[in-house]
Amino acid sequence: MNMNKNKPIVWTISGHDPSGGAGIAADLRTIHCFAVEACAFITANTVQNSEELLTINPVDIKILEQQYQLLIEDKLPDAIKIGMVATDEQIYWLIEKIAELKADNVNLVVVYDPVAAATVGGVTTEVTKDALHHLFSVIDVLTPNMTEAEKLTGIYLGAVDDIADKFSTFGINNTVIKGGHTDEEFCVDYGYQFSEPKQLRSKYSISSERINTDYTHGGGCSFASAIAALLSKGYLLRDALTITKAFMQQGMIANDGRIQYYGAFEQTELPTKPSIFPQIELTQPLLSYPTSPFAELGMKRDGNQSLGLYPVVDSIEWLEKLLPLELTIIQLRVKNKPENELDAIIERAVELANNYPNTRLFINDHWQLAIKHRAYGIHLGQEDIYQADLAKIQQSGIRLGISTHGIYEFLLAQQLKPSYLAIGAIFPTKTKDMTGQIQGLTNLKQILNISTDIPVVAIGGINLTNASDVWSTSVDSIAVVTAITQAECYIEATKRLKAIANNYI
Ligand SMILES: Cc1ncc(COP(=O)(O)OP(=O)(O)O)c(N)n1
Ligand SMILES: Cc1nc(C(=O)O)sc1CCOP(=O)(O)O
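Residues numbered from 1 in each chain as written. Chains lettered and ligands numbered in written order. Predicted model: local features only at pLDDT ≥ 70, side-chain atom pairs only at ≥ 80, totals over all residues.

Stated formally: UniProt positions are given in the numbering used here, feature names are shortened, and annotations may be inferred rather than shown by experiment.
Going by the annotation in an unreviewed UniProt entry, the name recorded for the protein is Thiamine-phosphate synthase, with Thalassotalea algicola given as the source organism. If you open the UniProt record of the protein and go to Function (unreviewed entry), you find "Condenses 4-methyl-5-(beta-hydroxyethyl)thiazole monophosphate (THZ-P) and 2-methyl-4-amino-5-hydroxymethyl pyrimidine pyrophosphate (HMP-PP) to form thiamine monophosphate (TMP)."

In structure tokens form, the structure reads like this:
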């Protein structure tokens, strides 16, 4: 591996479209938009224009093999995007190569856009169903449109859940079914994830308003390439899908109103404008629906909203130690205490906090007790929002903070209009298992960019060394556990973290 490499690499394995709309050309343009290096294997030289596809001319696998042998010397992939594969021989070659690459890199992700799995523009590739099913066994993410999904599974009438179930029986654990090819006002994409060992299915849906354009040639290739580029950068699939959907929306808006000419989909740039991001559907119904935003974070006494340093502690003892240190916000996060002790703990926490009128006390998880004892606020995790009575919380006037871990969860929670949104983990942390969900400062900035006026709290691995970098992103608050609770002197650590905060708020 070349140690000087500073960008991820995506290999695209697809056909050449001489009209420039689809295939390799679209893939390269897309991957570069995400600041990812792209390498290309051309599987077939097609003869087509925007109207018709005449022939698919497979490239000899001897050439593909030579290209492979040279590229693995210095351009190993972090992700592979597969588009058109022209023959069974190519498929079996590809399966062997992917297995080799995966043996050396367990994090390698393979995205397959099953274009031409059956026919393209009336021209049939030589690929058999049998070979395709073998290919599925090395694919991590499948991105069919509705027509492809129906053809590949034989399941029709928009039964997306059944289609995803069927793909999972083929060995595909992540399927994104694109809903763009319908006449509905909104284009809904469905993401499915099947987790071992019981093949449990989780589903998410995201939607964008339909744009009136025919500049969509190569849209499917661009979609899968964007997903592969984002996965190569370490995004979770749900976040990669959210950003990809915004990227597609932005590209189509660039040609809004241009119809009756099948133009090339326009790859623009990394999406940042809040208005082009998709609507994220709740993954299950809420117990109750709040009818207005949650109470704002007014200061108890003087109405100043700034949040500053936000310690998160797990006991009354820590509250007693920290409350005298002139904090603006603090959280009691008690885990693994018997139910019968919680009432007294939360009652005591609120009683203590009431002696510090400028310190807002949030209670983690135990929303009924927080309402009962009139705490200042409640903090809920992403899963908790489906179990809590959100309408009751909102009507009680208590403030609500919600945890999020990435752009997908952030947009979902933002729609509920809570009092604040937390985003984490910014850096690796030993306090909680956040494997695969480390945001880094780049994601944090991206999320702040699309946030509304709801305050944003950053959490996870933040300490005296990196706090300034986090504040520089213009977050409203920084939440910390061990930077205070495991400091040599918690008073000194709190003072220094507060001093850093004061430079920015
Ligand atoms: C400010 C803040 N942000 C995030 C969390 C984490 O909350 P949650 O996702 O509910 O996870 P647990 O705390 O239950 O592990 C938090 N507590 N505070
Ligand atoms: C409790 C918690 N929630 C997180 C999230 O990302 O939701 S990260 C985290 C741990 C924060 O602890 P420390 O400051 O010691 O890293």
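On we go from here.
### Thoughts on the UniProt feature "binding site: Mg(2+)" (unreviewed entry) in the protein
Filter applied, for reference: The secondary structure listing takes helices from DSSP runs of H or I that are at least 4 residues long and strands from runs of E that are at least 2 residues long, numbered from the N terminus. Any two residues are considered in contact once their C-beta atoms, placed from the backbone, lie within 7 Å. Any residue surrounded by 20 or more other C-beta atoms within 10 Å of its C-beta is treated as buried, while 12 or fewer makes it exposed and the intermediate range makes it partly exposed; C-beta atoms here are placed from the backbone.
The UniProt record marks Asp365 and Asp384 with the feature "binding site: Mg(2+)" (unreviewed entry), using the residue numbering of this structure. In three dimensions, the annotated residues from a span of 20 residues occupy one location, with a maximal C-alpha spread of 7.4 Å. Within the fold, Asp365 resides in the loop between β15 (360–364) and α11 (367–372). Look past the residues within four positions of Asp365 in its chain and what remains in contact with it is Leu380 and Asp384. Secondary-structure assignment places Asp384 in the loop between β16 (377–380) and α12 (390–396). The class for Asp384 is partly exposed, based on 16 C-beta atoms found within 10 Å.

### Here's the deal with the sheet that holds strand β3 (residues 53–58)
Here is the rule: The pairing criterion for strands is at least two bridges between them, as found by DSSP. Axis angles are defined between N-to-C directions and span 0 to 180 degrees, where every axis is a line fitted to C-alpha atoms and, for a helix, only to the segment in contact.
Taking strand neighbours across the sheet as the criterion, the 10 strands line up as β3-β2-β1-β4-β5-β8-β9-β10-β11-β12 in an open arrangement whose pairing is mixed. Either end of the sheet is taken by a strand with one partner, and the two such strands are β3 and β12 (279–280). Here 5 bridges tie strand β2 (residues 37–48) to β3, and the two strands are oriented antiparallel to one another. By the bridge assignment for β3, Asn45 is matched with Asn57. Each of β1 (9–16), β2 and β4 (79–82) is contacted by helix α1 (residues 23–33), which is oriented at about 160° to β1, the strand it contacts most.

### Description of the nonpolar core
Our working rule: A set of buried residues drawn from Ala, Val, Leu, Ile, Met, Phe, Trp, Tyr and Cys, joined through C-beta atoms within 7 Å, is what defines a nonpolar core. All the domain ranges listed were derived from an automatic or database domain assignment.
One finds Ile227 and Ile478 to be the most contacted residues of the largest nonpolar core, which totals 140 residues. For this core, the element with the highest residue contribution is helix α7 (residues 219–232), accounting for 9 residues. No fewer than three residues from each of domain 1 (9–280) and domain 2 (308–502) sit in this core. Those residues in contact with Ile478, other than ones at most four positions away along the chain, are Leu309, Tyr310, Ala458, Ile462, Ala467, Val470, Trp471 and Ala501.

### Description of the site of ligand 1
Keep this limit in mind: To decide nearness, the C-beta atom of each residue is placed from the backbone, and the residue is near a molecule or strand if that atom lies within 6 Å of it. Note on residue classes: Ala, Val, Leu, Ile, Met, Phe, Trp, Tyr, Cys and Pro are nonpolar, Asp, Glu, Lys and Arg are charged, and everything else, Gly too, is polar.
Not every one of the 16 residues close to ligand 1 is listed here, only the nearest: Gly381, Ser403, Ala422, Ile459 and Ala479. Mapped onto the shell around ligand 1, the elements with two or more residues apiece are β13 (308–313), β17 (399–404) and β19 (456–459). Broken down by class, the residue content of the shell around ligand 1 amounts to 6 nonpolar, 7 polar and 3 charged.

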